[in-house]
Amino acid sequence: MAGKTDIGPPDFRNFLPPVIKNNYGKWKYHEIVRPGVLLHVAESGDKIWSVRVGGARLVCTDRIREYAEIADKFCDGHLRFTSRHNVEFLVVDESQLEPLIKDLGERGYPIGGTGASITSIVHTQGWVHCHTPATDASGVVKSVMDALFEHFVNMDLPAQVRIALACCLNMCGAVHCSDIAILGIHRLPPVVKNDKLPKVCEVPSTISSCPTLAIKPDPKTKGVQVNDERCMYCGNCYTMCPAMPLMDPEGDGISLWVGGKVSNARSGPAFSKLAVPYLPNTPPRWPEVVEAVKKIVDVYAEGANKHERIGEWIDRIGWEKFFERTGFEFTDKHIDDFTLAQLTLRNTTQFKW
């Protein structure tokens, strides 16, 4: 339309492959042909194959051009990005399926992440871009997935395992509802630089940014004071005021959470719960985090029943057995002391030793 500038996002239907557009809402079933390869069959009998390739959250233009080149060669230009940073090449001509898989293999792209496997880790920005991270995102994810790579290309687990990482508790990732969640944590309140704060920050806005009312005015410096006991290390104040940095190389670290899921199958959706309260930041490979995550996966793979998610497995054996089998220490940090904690605390005498 002439003269119209704010057109909003483009209509997704304009980018659908013809077979998907023609059968929209009329799909009969899908099946996993092999790890990473799904066959989708419509009521009309039309078929389309999706080949899932392990991708990354942060990609360069050269990588995107290569994706487009592969899609043009085998898929009439059609591909899609999944919510977990994978790439799916959409094949209509079955004769192109094996050539595509061979070409991807020669280029070094892993195919997998379907069914009872570990798919790519969804994660946040980390040190690359975010201003309040307690840990990196891409570096930790790369290190963990290197150790769990065989579970991506093979469907050898009791059920699917979803892993997420958020570099701080503001959590622009999915750590609240993942089988295994890697969460960066701050352990110290922000440093208040009152020699700079009144000059670069708006004091009322800085005070009102705190969700726990831990910040109050400091009349002597015309800056602010922080009540350390009320601070929950969220970084909201630093977002409003650069004179209140929160990151600390010694205090920051990583916690691990387990048992969450979004799926409504067999049991309802669930929040992740704390497993390891603190692990140190040790770039570039984070060996302590990798070891702990791999331990959870290995113990789960050995003891869970078929189709049992990590949270369901823990519910069956009990948290006592979970800590015993993983070797993780149970500490006072595992006891919820939030105001409404009675809603989450175990309130029966039924223990599973």
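Reading the values: the criteria
- Residues numbered from 1 in each chain as written.
- Predicted model: local features only at pLDDT ≥ 70, side-chain atom pairs only at ≥ 80, totals over all residues.
- Heavy atoms only, no water.
- Pairing = 2+ DSSP bridges.
- Helix = DSSP H or I, 4+ residues; strand = E, 2+ residues; numbered from the N terminus.
- Axes fitted to C-alpha atoms, helices over the stretch in contact; angles between N-to-C directions.
- Contact = heavy atoms within 4.5 Å.
- Parallel < 35°, antiparallel > 145°, perpendicular 65-115°, else oblique.
- Left-handed = near helix turned anticlockwise from the far one by under 90°.
- Nonpolar A, V, L, I, M, F, W, Y, C, P; charged D, E, K, R; others polar.
- Buried < 20%, exposed > 50% of the residue type's maximum accessible area, 1.4 Å probe, protein only.
- 1 Å grid on protein atoms, 1.4 Å probe; cavity = no way out; pocket = protein on both sides within 12 Å on 5 of 7 lines; lining within 4 Å.
- Points joined across faces, edges and corners; volume = space filled by probe spheres on them.
- Disulfide = S-S within 2.5 Å.

A. Structural context of the sheet that holds strand β5 (residues 87–91). Strands sit in the order β1-β2-β3-β5-β4 across an open sheet of five strands; the sheet is antiparallel. In the strand order of this sheet, the two ends are held by β1 (27–34) and β4 (79–81), each with one partner. Within the sheet, the average angular offset between the axes of one strand and its neighbour, ignoring direction, is 25 degrees. Where strand β3 (residues 47–53) meets β5, five bridges bridge the pair, whose relative direction is antiparallel. Directly across from Arg52, in β5, lies its bridge partner Glu88. Packing against the sheet, helix α2 (residues 61–74) makes contact with β4 and β5, and its axis sits at approximately 15 degrees to β5. Across the face of the sheet, helix α3 (residues 97–107) comes into contact with β1, β2 (37–42), β3 and β5 while running at roughly 5 degrees to β3.

B. Inspection of the packing of helix α4 (residues 138–147) against helix α9 (residues 287–303) at higher detail. At a minimum axis separation of 9 Å, α4 and α9 run at an interaxial angle of 45 degrees. Taken together, α4 and α9 sit at an angle that is classed as oblique. In this structure, the crossing between α4 and α9 has a hand that is right-handed. Of the residues in α9, those touching α4 at Val140, Ser143, Val144 and Ala147 are Val289, Val290, Val293 and Lys294. Here the residues of the contact of α4 with α9 sort into six nonpolar, one polar and one charged.

C. Fine view of helix α10 (residues 310–317). In terms of burial, α10 is largely enclosed, as six of its eight residues are buried. Taken as a whole, α10 has its buried residues at Ile310, Gly311, Glu312, Trp313, Ile314 and Ile317. Tucked into the core, α10 has its buried residues touching β8 (180–185), β11 (253–258), α9 and α11 (319–326). Directly beyond the C-terminal end of α10, a positive phi value near 95 degrees is found at Gly318.

D. Representation of the environment of Val144. Inspection of the secondary structure puts Val144 in helix α4. With 141 residues separating them in the primary sequence, Val144 and Arg285 have C-alpha atoms 8.4 Å apart. Ignoring sequence-local partners within four residues, the contact set of Val144 consists of Ile121, Ile182, Val289, Val290 and Val293.

E. How the structure looks around empty space enclosed by the protein. Tallied over the entire structure, the rule returns one cavity of 30 Å³ or more. For the largest cavity, the calculated volume is near 110 Å³. Around the largest cavity, the lining comprises 15 residues; the ones closest to its centre are Pro190, Cys210, Cys231, Cys234 and Cys237. In the lining of the largest cavity, the residues fall into 13 nonpolar, two polar and no charged.

F. Layout of the state of the cysteines. For the coordinates displayed, the defined rule picks out one disulfide. Across the disulfide from Cys201 sits Cys241; the S-S distance is 2.0 Å. Sign of the S-S torsion, about 80 degrees for the bond between Cys201 and Cys241, identifies this disulfide as right-handed. Of this pair, Cys201 sits in the loop between α6 (197–200) and α7 (203–208) while Cys241 sits in the loop between α8 (236–240) and β11; the two residues are 40 residues apart in sequence, bridging distant segments of the chain. Of the two residues, Cys201 and Cys241, both sit in the buried class. Here Cys130 stays free of any disulfide, with the sulfur of Cys167 as its closest cysteine sulfur at 4.6 Å. You can see Cys237 has no disulfide; the closest cysteine sulfur is in Cys234, sitting 6.3 Å from it. By relative accessible area, which is 8% here, Cys237 ends up buried.

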